[in-house]
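# Residue-level structure breakdown
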Amino acid sequence: MRTPLIAGNWKMNKTASEAATFARELVQRTITSPAIEIVIAPPFTALDSVRHALGTSSSIGLAGQNLHWEDRGAYTGEVSAPMLKDLGCQYVILGHSERRALFGERDDVIQKKLAAAFRHGLKPILCVGESLGEREAGRTTEIIAGQLKGSLAGFTATQLAMLTIAYEPVWAIGTGKAASPEQAISVHQTIRQFLQREWSAALAQGTRILYGGSVTPQNASSFLASDEIDGALVGGACLQTESFASIADLAQKRTGH
Ligand code: 13P
C-alpha cells in the first residue's frame, strides 16, 4: 500500500525566525502517526531553523524546493543535493510549474536534477501539470506524458521507486479554482498508465501521486477519498498551522488511524 503524503510547499514565504515559530506551533498542533507522512518545504534559508524547531522527536519531514544538478562548484546562488541532505532534508520538490514558467526549467534540466536527487538519496517530488490553454485544447494527456518522458528519461525502476509525482494543473495553482476530483483522478490514471507502459505494473502501482492546486481543508477530503490520490501538495493553505494540520488530520482519518 502507498503511504499517503501531505506536503507543504512554502514557496518564498517566511523568514528563518518566522519559520522556527511556525514549525514549533506545527509540532504542537499536528498529530503524527506512521499511517501518513507529513513533509514541509521551507525556503533554503529557513531549513536549518525549521530542523531545530521540529526537534529530533518530530516525524514531520523536510524538503528542499529545488536543487542544482551538480554537487558543488561555480554556480552562484544555487544549492546542491548534498547541501540539502546535510540540513536534514529527505525530500526535494522538482519541476514545480513556477520553476518551469518563471525560471525557464525544461524537462532535460529537471532530468539532471532528478539524477542528483537519486544519487544522494533525496526523494524527489516531481511536479507535472498542464496550463489552462493546454487543457482547453484537449492536450492534457500529451503535455503530462511529454513532461514525464523528458524528465524521467533513462532512470531505472529501482531509482524511480524513490519518486513521488505531484499532479499540479497550472490553472489550479494559487487561483482558488481546484481541479475536480474527477479531473485529478483521470490524470493520475494517465500517469500510472504511462509508468506501467514505460517501466512496470509494479512501479505504476507503487508510485505515490499527489494532487496539488488550491487544496484547502474544505476540499481536501474530496481528493483524499479516492484511492487514486495519495495525498496533497499544498501551497497557500500550508502557511497557517491550523489549515495545514487540518488537511493532515483528514488524510489520517482516511487511513482509519
Ligand atoms: P496552492 O495550494 O496555493 O494553489 O499552491 C499549490 C502549489 O503550487 C504547491 O506546490
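Residues numbered from 1 in each chain as written. Predicted model: local features only at pLDDT ≥ 70, side-chain atom pairs only at ≥ 80, totals over all residues. Heavy atoms only, no water.

## Re the site of the ligand
Neighbouring the ligand are the residues N9, K11, H96, E168, A172, I173, G174, G213, S214, L233, G235 and G236. The side chain of K11 places a nitrogen or oxygen atom 2.8 Å from an oxygen atom of the ligand. The separation between an oxygen atom of the ligand and a polar main-chain atom of G235 is 2.9 Å. (Near = heavy atom within 4 Å. Polar contact = N/O pair within 3.5 Å; in protein donor to acceptor, adjacent residues only side chain to side chain.)

## Focus on the packing of aromatic side chains
Applying the stated criterion across every chain yields a total of five aromatic pairs. Ring pairs connect the aromatic residues Y167, Y211 and F223, which therefore count as one cluster. Taking the ring centre of W10 as reference, the NZ or CZ of K14 above it sits at 5.8 Å. Positioned above the aromatic ring of W69, the side-chain terminus of K112 is 4.1 Å from the ring centre. (Phe/Tyr/Trp six-rings, centres within 6.5 Å; stacked < 30°, edge-to-face > 60°. Lys NZ or Arg CZ within 6 Å of the ring centre and 35° of its normal.)

## Details of the sheet that holds strand β7 (residues 208-212)
Taken together, eight strands build a closed barrel; the order of strands is β1-β2-β3-β4-β5-β6-β7-β8 and the barrel is parallel. Neighbour to neighbour, the strand axes of the sheet diverge by 25 degrees on average, direction disregarded. Bridge analysis of strand β5 (residues 123-128) against strand β6 (residues 164-167) gives four bridges, and the strand direction is parallel. Counterpart to I125 in the pairing with β6 is T164. Relative to the sheet, helix α5 (residues 107-119) contacts β4 (91-94) and β5, its axis offset from that of β5 by approximately 160 degrees. Packing of helix α9 (residues 181-198) onto the sheet brings it into contact with β5, β6 and β7, and relative to β6 it is tilted by some 145 degrees. (Pairing = 2+ DSSP bridges. Helix = DSSP H or I, 4+ residues; strand = E, 2+ residues; numbered from the N terminus. Axes fitted to C-alpha atoms, helices over the stretch in contact; angles between N-to-C directions. Contact = heavy atoms within 4.5 Å.)

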